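Residue-level structure breakdown
Each chain is listed here by its residues.
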Number of protein chains: 2
Amino acid sequence: VSELRQNAATRDWVVIATERAERPDQFRNERRRRRLPPYDPNCPFCPGNEEKTPPETYASRLDGQWQVRVMPNKFAAFALRGSRERNTQGLLLSMDGVGAHEVIVESPQHDKTIGTLPFSQVRLVLEAYRSRFRALLEDHRIELVTIFRNHGEHAGTSLIHPHSQLIATPIVPPFVRERMDTARHYYDQWGECLYCDMLKQELATRERVILENEHFVCFAPHASRQPFEMWLLPRHHRSSFGDTSDEEIHGMADGLGEAMARLHIGLDDPDYNYMIHTAPYAELDVRHYHWHVQVLPRLTTPAGFELGSGIYITTAYPEQSAQYLRQVELPENLEALAERAS
Amino acid sequence: VSELRQNAATRDWVVIATERAERPDQFRNERRRRRLPPYDPNCPFCPGNEEKTPPETYASRLDGQWQVRVMPNKFAAFALRGSRERNTQGLLLSMDGVGAHEVIVESPQHDKTIGTLPFSQVRLVLEAYRSRFRALLEDHRIELVTIFRNHGEHAGTSLIHPHSQLIATPIVPPFVRERMDTARHYYDQWGECLYCDMLKQELATRERVILENEHFVCFAPHASRQPFEMWLLPRHHRSSFGDTSDEEIHGMADGLGEAMARLHIGLDDPDYNYMIHTAPYAELDVRHYHWHVQVLPRLTTPAGFELGSGIYITTAYPEQSAQYLRQVELPENLEALAERAS
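Residues numbered from 1 in each chain as written. Chains lettered and ligands numbered in written order. Predicted model: local features only at pLDDT ≥ 70, side-chain atom pairs only at ≥ 80, totals over all residues. Heavy atoms only, no water.

We now examine the environment of Arg123(B). All names here are of chain B. Looking at the element boundaries, Arg123 is found in helix α1 (residues 119–137). Arg123 sits 177 residues away from Thr300 along the chain, and the two C-alpha atoms are 30 Å apart. Leave out the neighbours within four places in its chain, and Arg123 touches Ile249, His250 and Ala253. For Arg123, the side chain forms a polar contact with the side chain of His250, separated by 3.4 Å. (Helix = DSSP H or I, 4+ residues; strand = E, 2+ residues; numbered from the N terminus. Contact = heavy atoms within 4.5 Å. Polar contact = N/O pair within 3.5 Å; in protein donor to acceptor, adjacent residues only side chain to side chain.)

Okay, structure coming up:
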């Protein structure tokens, strides 16, 4: 008999189909990726091509060379033009796509990914995230800032050069509101943050914990939607990613860097998305919500059942995936990881 | 400035990114599909290989040969074993995957799809759906039956032989509950079915209507999540697909058959999913919910933004997609379509 599980935070159900259950190592990426050069003269994100992109909104520089660079997306889905006014015509509701859509270039090197960057470089990327997150929330038209990373074709990437994206929206979509509501109801009922309690419970058994440091814990959720789904939670309760301290950014870089390195090595550079889930403007500092990162490897394709019911079929036990990732051997000198893997 | 739109029924927001907007014909499928034989001796769903599948639960026969055949999925995610009892351990909730997971083989011919089958054959497929839908809801452990179709690799198909699937679940997932609640709130407020009102509004302008017959209307939703999304709604208000009359099944076969033929011809056989959205057991006959079919071509890959915010980025105006599909030339003799396209 297969097992249905529910995630307490998202309320998503997943079914672990035991008839098709696979060993963790069967999810290794079999597609050979094209070997990339460290520099591509035709890549708009490589150094020297800065004039091919819109003007930068942020940069972190070392000896004159940018290390991380942020600019508006050339084909932006949102821009800071227009109003928040809603237009209705019967049942049809529409408004301007007022907001921002930026690209965070993670490294001058064309052939890196978050899973192969030195953790010190991951820190610069996270500092860029935080800086732009804070700046964009200053605009009174912005309600929510979503930061995300697409890696590989199955994760929706078009450009190879390592980059994340940030989208600021003038709305709080129901998808986010439902998760905020779930957390609020839990707090009203139990007087505790749902995510703090989840963290406590994961740390009590450590069955699904992949790694932890002073500031962050990474675990495979009990109801993982896909094999090797990972959640990275700060130990310190905060609603908003924007309020993360420098010390925590340091711990986050080590935690995210190591998690992505384990995924990269353990599954041979699989496609993935990661998303920073954080509170909208009205709830930047509340007791019931806890910002976190969700990493979703794109190893299977959501099909009609997922689209029709919202229930995910998975063929892996998160306990086994977590154990597998814990056992991945990392190079002793983690800074050397980037060199070895490239 | 791009445009944000909200779907009144799903409350999903989409942003139509005008910077990247593409002409409808640019979505034509460029991957050449492998030319398929009408019969494959190694295919478990081809006639003669019936013993390779679990025993059939339904069949429609003509002169001794089955035309449509239904059986449990060999690698079923749900089976009618176990109980509905919930198990909890702190925040972790789980239960048996009690339910059913069946395959509806749509034709003895290996090389057909819903978009190339004669409408008379589509009718046999829909009759099979209805029969199994009704039968499975008799089991007191079943709360919801989801019927869906995956076509092509990007839609999550593993087997080529034309088939749909049906999954009966012991739960009503939040994804479905939220849509039921939205419809109920609308009814409480306005005294009308939201979907009936949506249909009325679409028929008033016909801007997004793709086709209509006596029983069904097919249109591109105002807030289409992907280019060429189509909704097929029965004109007659009903909560449950299972209560569809014979006459309506006839009209549905013509409507769905034609919609899928227009998609098949207009976009050169694109990958797609379709899902029948229908009420759970407790609301099989209510005034506020209206069952329907959603067709979602898989022309783009949902990425981190969609996964993090639930907002979809699309690059097509549904008004243009609908116009394009309306103008697709169908063969005069629609029964001949299957012959021509195969």
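This is not the end of the story, as more comes after the structure.
Moving on to the pattern of salt bridges. Here the structure, examined in full by the defined rule, presents 46 salt bridges over all chains. The salt bridge involving Arg208(A) is made with Glu202(A); its shortest N-O contact spans 3.1 Å. The pair Arg208(A) / Glu202(A) is uniform in exposure class, with both members buried. Here Arg61(B) ties to Glu56(B) by a salt bridge, and the two come within 3.1 Å at their closest N and O atoms. Given a relative accessible area of 32%, Glu56(B) falls into the partly exposed group. Where salt bridges share partners, they join Glu3(A), Arg5(A), Glu202(A), Glu207(A), Arg208(A) and Glu319(A) into one cluster. (Salt bridge = Lys/Arg side-chain N within 4 Å of Asp/Glu carboxyl O. Buried < 20%, exposed > 50% of the residue type's maximum accessible area, 1.4 Å probe, protein only.)

A separate point is the sheet that holds strand β8 (residues 144–151) of chain A. All names here are of chain A. Pairing is antiparallel in the open sheet, where ten strands are placed in the order β3-β4-β7-β9-β8-β13-β14-β12-β11-β10. Each having just a single partner strand, β3 (58–62) and β10 (209–212) make up the two edges of the open sheet. Between one strand axis and the next, the sheet turns through 15 degrees on average, direction left out of account. Here strand β12 (residues 230–234) pairs with strand β14 (residues 292–297) via three bridges, running antiparallel. Note that in β14 the partner of Met230 across the bridge is Val295. (Pairing = 2+ DSSP bridges. Axes fitted to C-alpha atoms, helices over the stretch in contact; angles between N-to-C directions.)

Looking now at helix α6 (residues 318–327) of chain A. Within α6(A), burial applies to Pro318(A), Glu319(A), Ser321(A), Ala322(A), Tyr324(A) and Leu325(A). Among the structural elements, β1 (3–6), β2 (13–16), β10, β12 and α4 (246–266) of chain A are those in contact with the buried residues of α6(A).

Right, let's talk about the interface of chain A and chain B for a bit. Between chain A and chain B, the contact holds 70 residues from the first and 70 residues from the second. Buried surface at the junction of chain A and chain B, both sides included, amounts to about 5,900 Å², of which 64% is carbon and sulfur. Per-residue buried area on chain A facing chain B is highest for Leu4(A), Leu91(A) and Leu307(A); these three make up 12% of the total on that side. The interface formed by chain A and chain B holds zero salt bridges in total. Counting every contact that joins chain A to chain B gives 18 residue pairs in polar contact (both at pLDDT 80 or more). Of the residues that constitute the side of chain A that touches chain B, the class distribution is 34 nonpolar, 22 polar and 14 charged. The pairing of β1(A) with strand β6 (residues 92–96) of chain B spans four bridges and is classified as antiparallel. Among the inter-strand pairings, Leu4(A) is bridged to a residue of β6(B), identified as Met95(B). (Buried area = accessible area lost by both parts, 1.4 Å probe. Nonpolar A, V, L, I, M, F, W, Y, C, P; charged D, E, K, R; others polar.)

Let us look at the relation of the copies chain A and chain B. Mapping one chain copy onto the other needs a rotation about an axis and a shift along that axis. Overlay of chain A on chain B (RMSD 0.0 Å): rotation 180 degrees, translation along the axis 0.0 Å. Accordingly, the operation relating the two chain copies is best matched by a two-fold axis. Most of the interface of chain A is mirrored in chain B: 100% of its interface residues are interface residues there too. (Least-squares fit on C-alpha atoms with pLDDT ≥ 70 in both.)

All names here are of chain A. Taken residue by residue, chain A gives an average pLDDT of 94. The fraction at 70 or more is 97%. Counting interchain partners and residues more than four positions distant, the pLDDT-below-50 stretch residues 338–342 has twelve contacts. The ipTM value of the predicted complex is 0.95, and its pTM value is 0.95. (pLDDT = per-residue confidence, 0-100.)

A few words on empty space enclosed by the protein. Taken as a whole and judged by the stated rule, the model has nine cavities of 30 Å³ or more. Estimated volume of the largest cavity: approximately 810 Å³. If you trace the largest cavity, you find 35 residues lining it, with Phe175(A), Glu306(A), Tyr312(A), Phe175(B) and Tyr312(B) closest to the centre. Looking at the lining of the largest cavity, the elements that each hand over two or more residues are α2 (174–190) and α5 (304–309) of chain A together with α2 (174–190) and α5 (304–309) of chain B. A per-element tally of the lining of the largest cavity places α2(B) first, with five residues. (1 Å grid on protein atoms, 1.4 Å probe; cavity = no way out; pocket = protein on both sides within 12 Å on 5 of 7 lines; lining within 4 Å. Points joined across faces, edges and corners; volume = space filled by probe spheres on them.)

Time to look at α4(A). Helix length check: α4(A) (21 residues) gives 30 Å between terminal C-alpha atoms against 30 Å at 1.5 Å per residue, within 8%. Looking one or two residues past α4(A), Asp268(A) carries a phi angle of roughly 60 degrees, positive in sign. (Expected span 1.5 Å × (residues − 1).)

What follows deals with the side chain of Ser94(B). Of note, Ser94(B) is situated in strand β6. On the basis of relative accessible area, Ser94(B) is assigned to the buried category, the value being 13%. Look past the residues within four positions of Ser94(B) in its chain and what remains in contact with it is Glu3(A), Leu4(A), Arg5(A), His222(A), Glu85(B), Arg86(B) and Asn87(B).

Let's shift gears to the sheet that holds strand β1 (residues 3–6) of chain B. The mixed open sheet is built from five strands, whose spatial order is β5(A)-β6(A)-β1(B)-β2(B)-β15(B). Lying at the two open borders of the sheet, with one neighbouring strand each, are β5 (87–89) of chain A together with β15 (312–314) of chain B. Taking the axes of each pair of neighbouring strands and ignoring which way they run, one obtains an average angle of 25 degrees across the sheet.

Next up on the list: the pairing of strand β8 (residues 144–151) of chain B. Residue and element names in this part refer to chain B. With respect to burial, β8 is a largely interior element, eight of its eight residues being buried. Alternating positions in β8 separate into two faces, Leu144, Thr146, Phe148 and Asn150 on one and Val145, Ile147, Arg149 and His151 on the other, with burial throughout. In this sheet, strand β9 (residues 163–169) lies alongside β8 in antiparallel orientation, the contact comprising five bridges. Paired with Leu144 across the strands is Thr169, a residue of β9. The pairing of β8 with strand β13 (residues 272–277) spans five bridges and is classified as antiparallel. Looking across to β13, one finds that His151 is bridged to Tyr272.

So, about the environment of Gln320(A). Residues and elements named next belong to chain A. Mapped onto the secondary structure, Gln320 falls in helix α6. Since its relative accessible area comes to 36%, Gln320 is described here as partly exposed. A C-alpha to C-alpha distance of 31 Å links Gln320 and Val125, two positions 195 residues apart in sequence. Beyond its immediate sequence surroundings of up to four residues, Gln320 is in contact with Glu22 and Pro24.

All right, on to the pairing of β3(A) then. Here five bridges tie β3(A) to strand β4 (residues 65–72) of chain A, and the two strands are oriented antiparallel to one another. Across the sheet, the residue bridging to Ser60(A) is Val68(A), located in β4(A).

Glancing now at the packing of aromatic side chains. Residues and elements named next belong to chain A. Applying the stated criterion across every chain yields a total of 21 aromatic pairs over all chains. Their ring planes at 65 degrees and their centres at 5.9 Å tell us that Phe216 and Trp291 sit as a pair that is edge-to-face. With Phe216 in strand β11 (residues 216–219) and Trp291 in the loop between β13 (272–277) and β14, the pair connects residues that are 75 residues apart, well separated along the chain. Side by side, Phe216 and Trp291 carry an identical accessibility label, which is buried. Through a chain of ring-to-ring contacts, three or more aromatic side chains come together here, namely Phe133, Phe216, Phe241 and Trp291. (Phe/Tyr/Trp six-rings, centres within 6.5 Å; stacked < 30°, edge-to-face > 60°.)

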